[in-house]
Amino acid sequence: MRYSKADAENLGADRCLLQNIVILTGAGISAESGLGTFRESDGLWEHHRVEDVATPEAFEADPDLVHRFYNVRRDQSAKARPNAAHIALARLEAGHPGRVRIITQNVDDLHERAGSRAVTHMHGALSGALCHGCGHRWPAPAVMSSTDTCPACGATQTRPDIVWFGEIPYGAEVIDPALAAADLFVAIGTSGQVYPAAAYAQHAARMGAHTIELNLATSANARDFAEIHIGPATELVPEWVEHVLTE
Ligand code: OAD
């Protein structure tokens, strides 16, 4: 993908250097760091659909299974390294004169390890533990189990601090104003199948933002984007960041 002058006009380059940039990331941005996405290939883990593991009901029925699922992901995430796309977004935040906010659905910490600061984890983080009983939060150990006790209340109702299907995503107090103020909204590596994140492009567009999708394949909400660029994140994201920073 190469951005021409016409692209620059599409991007609204005269809109005060795109002061407010809001970026929504999904599993696709971490795919080239070796972390599997949710809905590609067979989308299964030990024969379970993600939707059947990432729910409060699944945790109630079989906490050991759910802990095992997240222990594996925590281990993979710790071993993974930020890729060129994460690094480019950190460079954008450091070099762009306006605001840059990342809203991520990912529970890994690759944005932070690449150097991004303004990151909202709307689906929680593998690095956190949460007491289902008293609501206390603390850093998750590498391996969690159903016999762990909460350091605050002593209950054995500890769980990963992850937002499961049917639960309310984190960060609305940051996300809603960011979308309302966005000049440019960019979705990277997300399939557009999980709400509310899948509605953010349409929401931002209605509030006046230009919308761009960067993805390996067209997403389910492609109609909400003014521009779509197809390719791997490690190529598309650095090129787009370069374009914004040299405008
Ligand atoms: P999905 O697995 O649904 O989609 C991954 C997206 O990444 C697809 O659109 C792919 O085309 C794209 N993709 C894959 N490799 C890529 C690459 N190298 N470069 C660019 N794009 C690439 O993941 P999400 O959309 O993040 O929620 O899923 C959203 C939520 O559903 C997750 O946060 C999780 C899941 O169930 C919870 O666990 C609550």
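Residues numbered from 1 in each chain as written. Predicted model: local features only at pLDDT ≥ 70, side-chain atom pairs only at ≥ 80, totals over all residues. Heavy atoms only, no water.

What follows covers the sheet that holds strand 6 (residues 124–131). If you walk across this open sheet you meet the 3 strands as 7-6-8, and the pairing is antiparallel. Bordering the open sheet on either side are strand 7 (137–139) and strand 8 (158–162), each of which pairs with just one other strand. Shown here is a sheet whose adjacent strand axes are inclined to one another by a mean of 45 degrees, direction ignored. (Pairing = 2+ DSSP bridges. Helix = DSSP H or I, 4+ residues; strand = E, 2+ residues; numbered from the N terminus. Axes fitted to C-alpha atoms, helices over the stretch in contact; angles between N-to-C directions.)

A word on the sheet that holds strand 5 (residues 119–121). The parallel open sheet is built from 6 strands, whose spatial order is 5-4-1-9-10-11. Every other strand in the sheet has two partners, leaving strand 5 and strand 11 (227–230) as the edge strands with one partner each. Direction aside, neighbouring strands of the sheet carry axes that sit 15 degrees apart on average. Bridge analysis of strand 9 (residues 184–188) against strand 10 (residues 210–215) gives 5 bridges, and the strand direction is parallel. Across the sheet, the residue bridging to L184 is H210, located in strand 10. Seen against the sheet, helix 6 (residues 84–95) touches strand 1 (20–25), strand 4 (99–104) and strand 9 and runs at an angle of roughly 160 degrees to strand 1. Sitting on the sheet, helix 10 (residues 233–246) touches strand 1, strand 9, strand 10 and strand 11, and the angle it makes with strand 10 is about 150 degrees. (Contact = heavy atoms within 4.5 Å.)

Close to the ligand lie 24 residues; F38, R39, T190, S191 and N215 are nearest. Out of a free accessible area of 790 Å², the ligand has 95% covered by protein chains. Taken together, the residues of the shell around the ligand sort by class into 11 nonpolar, 10 polar and 3 charged. Both of domain 1 (1–35 + 82–123 + 169–247) and domain 2 (36–79 + 124–162) provide at least three residues apiece to the shell around the ligand. (Near = heavy atom within 4 Å. Areas by Shrake-Rupley, 256 points an atom, 1.4 Å probe, with all protein chains shown as cover. Nonpolar A, V, L, I, M, F, W, Y, C, P; charged D, E, K, R; others polar. Domains from an automatic or database assignment.)

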